[in-house]
Amino acid sequence: MKKILITGGAGFIGSHVVRLFVQQYPQYHIYNLDALTYAGNLENLTDIENEPNYTFIKGDIVSEEAMNKLFAKHQFDSVIHLAAESHVDRSISDPLSFIRTNILGTVNLLNAAKSIWHGN
Ligand SMILES: NC(=O)c1ccc[n+]([C@@H]2O[C@H](COP(=O)([O-])OP(=O)(O)OC[C@H]3O[C@@H](n4cnc5c(N)ncnc54)[C@H](O)[C@@H]3O)[C@@H](O)[C@H]2O)c1
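Calculation rules
Residues numbered from 1 in each chain as written. Predicted model: local features only at pLDDT ≥ 70, side-chain atom pairs only at ≥ 80, totals over all residues. Heavy atoms only, no water. Salt bridge = Lys/Arg side-chain N within 4 Å of Asp/Glu carboxyl O. Helix = DSSP H or I, 4+ residues; strand = E, 2+ residues; numbered from the N terminus. Buried < 20%, exposed > 50% of the residue type's maximum accessible area, 1.4 Å probe, protein only. Core = buried A, V, L, I, M, F, W, Y, C linked by side-chain atoms within 4.5 Å. Contact = heavy atoms within 4.5 Å. Phe/Tyr/Trp six-rings, centres within 6.5 Å; stacked < 30°, edge-to-face > 60°. Lys NZ or Arg CZ within 6 Å of the ring centre and 35° of its normal. Pairing = 2+ DSSP bridges. Right-handed = clockwise from strand over helix to strand, strands pointing away.

Turning our attention to the pattern of salt bridges. Where charged atoms of side chains with opposite charge meet at close range, the side chains can pair. Counted by the stated rule, this structure contains 2 salt bridges. When the shortest N-O distance is used, the salt bridge between Arg19 and Asp47 registers 2.8 Å. With a gap of 28 residues between them, Arg19 in helix 1 (residues 12-24) and Asp47 in the loop between strand 2 (28-34) and strand 3 (54-58) connect regions that are remote in the sequence. Here Arg19 falls in the buried class, since its relative accessible area comes to 18%.

Here it is, written out as structure tokens:
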């Protein structure tokens, strides 16, 4: 069974993408990784939370160690990356959290994927 990681799956866009994949592709296992910040809400997904091809993982993409361990453990086949700081007003009041999540977090995911897919 293919393993698909979707980050930010408790958010606005991610919850729709998670639901679509869980319902349309029972042959894939969908892992929803989300830190559940102020923007994440698992109540968006109560209708599919008990599906056998769905797993929620609470985690922060900013943690390089956690991402490396997660990819090593699950050996994901594909990643859809939707975890983000997305609220424009907050980018003015707290720009560093945008740099951490949107830039460092994205690089952590790319490096973790590279390490399991290419072994370096
Ligand atoms: N909403 C739109 O209309 C729209 C349009 C085009 C593109 N996008 C893009 O789609 C992506 C998602 O947008 P959205 O509107 O769903 O955002 P959102 O703020 O609703 O959801 C973001 C999700 O990411 C999670 N998250 C935040 N930081 C995290 C971290 N460090 N680790 C793990 N999870 C974390 C949050 O808990 C939340 O569930 C963004 O890149 C956004 O720019 C959104």
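Core analysis: the largest hydrophobic core is formed by 14 residues, its most contacted members being Leu5, Leu33, Ile61, Met67, Leu70, Phe71 and Phe76. Mapped onto this core, the elements with two or more residues apiece are strand 2, helix 2 (64-74) and helix 4 (95-118). Leaving out residues up to four positions away in the same chain, Leu5 has contacts with Tyr31, Leu33, Phe71, Phe76, Ser78, Val79 and Ile80. Formed by 9 residues, the second largest nonpolar core is a distinct cluster that contains Ile4, Ile6, Phe21 and Tyr54.

With that settled, consider the packing of aromatic side chains. Here the structure, examined in full by the defined rule, presents 4 aromatic pairs. Aromatic ring contacts, followed pair by pair, group Phe21, Tyr25 and Tyr28 into a single cluster. The cationic tip of Arg90 hangs over the ring face of Tyr38; the distance from NZ or CZ to the ring centre is 3.7 Å.

The phi torsion at Leu36 lies on the positive side, around 55°, for a residue other than glycine. Inspection of the secondary structure puts Leu36 in the loop between strand 2 and strand 3. For Gln75, which is not glycine, the phi dihedral falls at a positive 50°. For Gln75, the position within the fold is in the loop between helix 2 and strand 4 (78-81).

Relative to the elements of secondary structure, His29 occurs in strand 2. Look at His29 and you get buried, because its relative accessible area is 12%.

What follows deals with the pairing of strand 1 (residues 2-7). Note: strand 1 against strand 2, 6 bridges, orientation parallel. The partner of Lys2 across the bridge, within strand 2, is Tyr28. Once you follow strand 1 into helix 1 and on to strand 2, the crossover reads as right-handed. The pairing of strand 1 with strand 4 spans 4 bridges and is parallel. Paired with Thr7 across the bridge in strand 4 is His81.

Function cannot be inferred from these measures alone, as they are strictly geometric.
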